[in-house]
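# Architecture at a glance
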Amino acid sequence: MFSSIKTSRTNKELVTQLTNKLNLGAENVIARLAFSFSLSRERKLNLSDMKDSGGKEYNNKVLFGNYADIYMAVLCVHYSLYKSDKDLSKYVKMHIDDGLELINQEIANKDSITGNDFLINEIEKGILNSEKI
């Protein structure tokens, strides 16, 4: 398990902007959302595309709280990796950076949206998509 990760330098400010816009409270909440949102897109990110690490730092405990094993399990299944794989922290960082940018694009034109609104919208989209399967 990794000890900490850092977002990209450009996403450091995005963490604060999204946290304030979505009224999420602590800045680790947007990181958890970003990680999950990125993984939900079911894309596999390429390690060679990893951005710099000059941004917001999260230690493992702050980032995932008591559920680090669950978050890591989802990531391991997504990439077919073992839980001790040396690249897990890189994938965590990349999915947080990716998710921050995706969320920012998703809410860019919405003047008034809360974190709860965002989550409910995304859950509804997921339910509608699952009904099509």
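Our subject is the structure listed above.
Here goes a summary of the coordinates provided. (Residues numbered from 1 in each chain as written. Predicted model: local features only at pLDDT ≥ 70, side-chain atom pairs only at ≥ 80, totals over all residues. Heavy atoms only, no water.)

A word on the pattern of salt bridges. Considering all chains together, one arrives at nine salt bridges under this definition. Between Glu-122 and Arg-41 there is a salt bridge, with its nearest N and O atoms 3.6 Å apart. Here Arg-41 lies in the loop between helix H2 (27-40) and strand E2 (57-59) and Glu-122 lies in helix H6 (residues 115-132), a separation of 81 residues in the sequence. Residue Glu-122 is classed as buried on the basis of its relative accessible area, which comes to 16%. Taking the shortest distance from any N to any O, the salt bridge between Asp-87 and Lys-90 comes out at 3.4 Å. With relative accessibility at 35%, the residue Lys-90 sits in the partly exposed group. Bridged by salt links that share partners, the residues Arg-41, Glu-106, Glu-122 and Lys-125 form one connected network. (Salt bridge = Lys/Arg side-chain N within 4 Å of Asp/Glu carboxyl O. Helix = DSSP H or I, 4+ residues; strand = E, 2+ residues; numbered from the N terminus. Buried < 20%, exposed > 50% of the residue type's maximum accessible area, 1.4 Å probe, protein only.)

For the rest of this paragraph, the subject is helix H4 (residues 68-79). With 12 residues, H4 should cover 16 Å at 1.5 Å per step; its first-to-last C-alpha distance of 17 Å lies within 8% of that length. If you check which residues of H4 are buried, you get Ala-68, Tyr-71, Met-72, Leu-75, Cys-76, His-78 and Tyr-79. Buried positions in H4, seen along its axis, are confined to an arc of 160 degrees and lie on one side of it. Of the exposed residues in H4, those oriented more than 90 degrees away from the buried face are Asp-69, Ile-70 and Val-77. As for H4, its buried residues are in contact with H2, helix H3 (60-64) and helix H5 (88-107). (Expected span 1.5 Å × (residues − 1). Arc of directions from axis to C-beta. Contact = heavy atoms within 4.5 Å.)

What follows deals with the packing of H5 against H6. Viewed as axis vectors pointing N to C, H5 and H6 meet at an angle of 95 degrees, and their least axial separation amounts to 12 Å. For the element pair H5 / H6, the angle class is roughly perpendicular. Contacts from Ile-103, Glu-106 and Ile-107 in H5 reach Phe-118, Glu-122 and Lys-125 in H6. (Axes fitted to C-alpha atoms, helices over the stretch in contact; angles between N-to-C directions. Parallel < 35°, antiparallel > 145°, perpendicular 65-115°, else oblique.)

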